Amino acid sequence: MRRIVFLFLLLGGWSQIVSGQIRFAGCGEVIKNNYYGETLYAIQDQANTKPFGRIVFTPEEGGHPWRFSWSYNGIPQPVSDSDTVELEVALLGDGVYAFQAERDGVVSRSAPVFHVFFDYVPEFSIHLTDLFNCKAVSIAEITDFQIPVYRYGNYQPFEGDKSHVYYLVSDKSVPREFPNYEYAFKPKEEAIAVDEHDMTVTVTITDKFGFPWISKPEKYVSVIPKAEAEPELLNTVDIVGEVGEQMGQAPLEVFFHNNSVNADSYEWLLFKDTTDMEMYMPYLADSLLDGQIRTQEEFSYVYEHTGRYKVLLIAVNEQGNKCQDTTKAHYVNVIESMVDVPNVFTPNGDGKNDVFMARALSVEDFHGVVLNRWGRKIYEWSDPGGGWDGKINGKYANPGTYYYIITARGREKNNPPRYVKKGAFMLIR
């Protein structure tokens, strides 16, 4: 509880000031105001349950116990045990309170007066507008907010120390000033940024006494889509020295996963190889594979040729303004063809280099032949992933020198290379 120091002037034959502490116990937040030389304590009453709490007055002068008396709205109130070091009384509600204290001939002949006001604001609401806006919604109005006015003597209103009222939207950190509190709040200029998440919006209004009041929550259900795509390469390769993006060899099958939220329809843009893209293409279809936009939620596609292909996904929410979002660019890398043949292999069953095979990427029309030293064919294969296991008619071949002829054609779209590889290799056991 905040401690508020209040000074009492005791008049009489002695010109002394008796100081003391005024404390409010069991109350809400308390704010002290001064109005035309009078003191007013405003107490925030969240539940409209006044009167509640207590006033505790403790003189700071030491010595013998004090004799107290007090009044409420000019009516003297009983003190159960007045010969004490402090006075504690129950708050009786809004009104004027006065205290007197006496000790060792020092008497407060004029009672220090202060006012107590229970500040209560009834429940109020906000209303959102532009609910289908793709960037921000607005507060259409704040209704039913009633700033209390304490009637200070002769029905003169006490309007608090603040010259303006402030409100704070739940997603903001800086409050806005709103001076015309007597009228309906219509802060239409207060835009609230929205994204793919639902949210609860509240407005906190600080009244003229300095107390915050929070509106009933208003639920915003998002119509903002968030596009998220995840291409999955179903046959990838590891290339020494290449870092970063995944790569695959043609024919490369890619499954396009869709992880978008708040979307009802989709547009997949699978662009041509970047080397085929002209500087300016007047129509989007000219830039797309097969000249079409794909509208499936998820699908797979086989890239037949090498290249670097850009992919975008547009996610659309079909409600209202049909808000949409586009993913960042993804790239599918289909590597260029290559054929590399080793010069040694060791078919000893240790699981390492047990098969003589070419490293062939993005090729077709593959054919491989193994010859012995006399030029006789001892093995052939047409699968780029296959090779010779070092056996002839099921029996282990002798160690020594053998020869190969490998032919293949690359899968490049333009001028695909033809490979003819001939050479010798060693079989070591």
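The residue numbering used here restarts from 1 in each chain and proceeds along that chain's sequence as written. In keeping with the model being predicted, local features are shown solely for residues with a pLDDT of at least 70 and side-chain atom pairs are shown and tallied solely at 80 or more, while totals for entire chains, interfaces and linings include all residues. Here the side-chain values reflect all heavy atoms present in the structure, with hydrogen atoms and water set aside.

1. Here we look at the overall build of the protein chain
Here a helix means four or more residues in a row that DSSP labels H or I, a strand means two or more in a row labelled E, and each is numbered from the N terminus. Scanning the protein chain from N- to C-terminus turns up 1 helix and 40 strands. Split into buried and exposed, the 429 residues of the protein chain put 42% on the buried side. The long-range share in the protein chain, meaning contacts at least 24 apart out of those at least 6 apart in sequence, stands at 62%. Summing over all exposed atoms, the protein chain offers an accessible surface of approximately 23,400 Å²; the carbon and sulfur share of this is 48%. Only protein chains enter the accessibility calculation, which uses a 1.4 Å probe. A residue is then buried if its area is under 20% of the maximum for its type, exposed if over 50%, and partly exposed in between. Only heavy atoms enter the contact rule, under which two residues are in contact if any of them lie within 4.5 Å. Note on areas: these come from Shrake-Rupley sampling with a 1.4 Å probe, and a residue is covered only by the protein chains present in the view.

2. What to know about unusual backbone geometry
With omega at 0°, the peptide bond leading from Lys-50 into Pro-51 counts as cis. Looking at the element boundaries, Pro-51 is found in the loop between β4 (38-44) and β5 (54-59). In this structure, Pro-251 follows Ala-250 across a cis peptide bond, with omega equal to -5°. Following the sequence through the fold, Pro-251 ends up in the loop between β25 (247-248) and β26 (252-258). Phi is positive for Asn-48, close to 55°, though the residue is something other than glycine. Along the chain, Asn-48 turns up in the loop between β4 and β5. The backbone of Asn-415 sits at a positive phi, close to 50°, despite the residue not being glycine. In this fold, Asn-415 is placed in the loop between β39 (400-410) and β40 (418-427).

3. Digging into the sheet that holds β39
Overall, mixed pairing links the 5 strands, which are arranged β33-β40-β39-β35-β36 in an open sheet. Because the sheet does not close on itself, it has two edges, and the strands there are β33 (344-345) and β36 (377-381). Here the rule is simple: two strands pair whenever DSSP picks up at least two bridges between them.

4. Considerations on the pattern of salt bridges
Counted as salt bridges are all cases of a side-chain nitrogen of Lys or Arg within 4 Å of a carboxyl oxygen of Asp or Glu. Per the counting criterion, the structure on display carries 10 salt bridges. Among the salt bridges present, the one from Arg-23 reaches Glu-86, with a minimum N-O distance of 3.9 Å. Taken together, the positions of Arg-23 in strand β2 (residues 16-25) and Glu-86 in the loop between β8 (83-84) and β9 (87-90) put the pair 63 residues apart, joining distant regions of the chain. By relative accessible area, which is 28% here, Arg-23 ends up partly exposed. The partly exposed category is assigned to Glu-86, whose relative accessible area is 29%. Salt-bridge contacts for Lys-377 lead to Glu-380; the nearest nitrogen and oxygen are separated by 3.1 Å. For Lys-377, a relative accessible area of 48% translates into the label partly exposed. Look at the salt bridges and you will find they share partners, linking Glu-304, Glu-364, Asp-365, Arg-409 and Arg-411 into a network.

5. What to know about the state of the cysteines
Sulfur atoms of two cysteines make up a disulfide when they are within 2.5 Å. In this structure the tally under the stated criterion is 1 disulfide. Covalently, Cys-134 is tied to Cys-323 through a disulfide, its sulfur atoms 2.1 Å apart. Disulfide Cys-134 to Cys-323: torsion about the S-S bond roughly -90°, handedness left-handed. Here Cys-134 is found in the loop between β13 (125-129) and β14 (136-143), whereas its partner Cys-323 is found in the loop between β29 (307-316) and β30 (324-326), with 189 residues between them in sequence. Cys-323 sits in the buried class, given a relative accessible area of 3%.

6. Digging into the nonpolar core
Definition used in this section: a nonpolar core is a set of buried Ala, Val, Leu, Ile, Met, Phe, Trp, Tyr and Cys residues joined via side-chain atoms within 4.5 Å. Counting 30 residues, the largest nonpolar core has Ile-139 and Val-203 as the members making the most contacts within it. Contributions of two or more residues to this core are made by β3 (30-35), β4, β13, β14, β17 (165-169) and β21 (203-206). Tallying contributions element by element places β14 first for this core, with 3 residues. Counting 22 residues, the second largest nonpolar core, distinct from the first, contains Ile-43, Tyr-72, Leu-87 and Phe-118.

7. Quick notes on the sheet that holds strand β24 (residues 229-233)
Across the sheet, 3 strands lie side by side as β24-β26-β28; this open sheet has antiparallel pairing. Edge strands, defined here as strands with exactly one partner in the open sheet, are β24 and β28 (299-303). Within the sheet, the average angular offset between the axes of one strand and its neighbour, ignoring direction, is 25°. Relative to β26, β24 runs antiparallel, the two being bridged by 5 bridges. By the bridge assignment for β26, Leu-233 is matched with Val-254. Every axis in this analysis is a line fitted to C-alpha atoms, fitted for helices over the stretch in contact. Angles between the N-to-C directions lie between 0 and 180 degrees.

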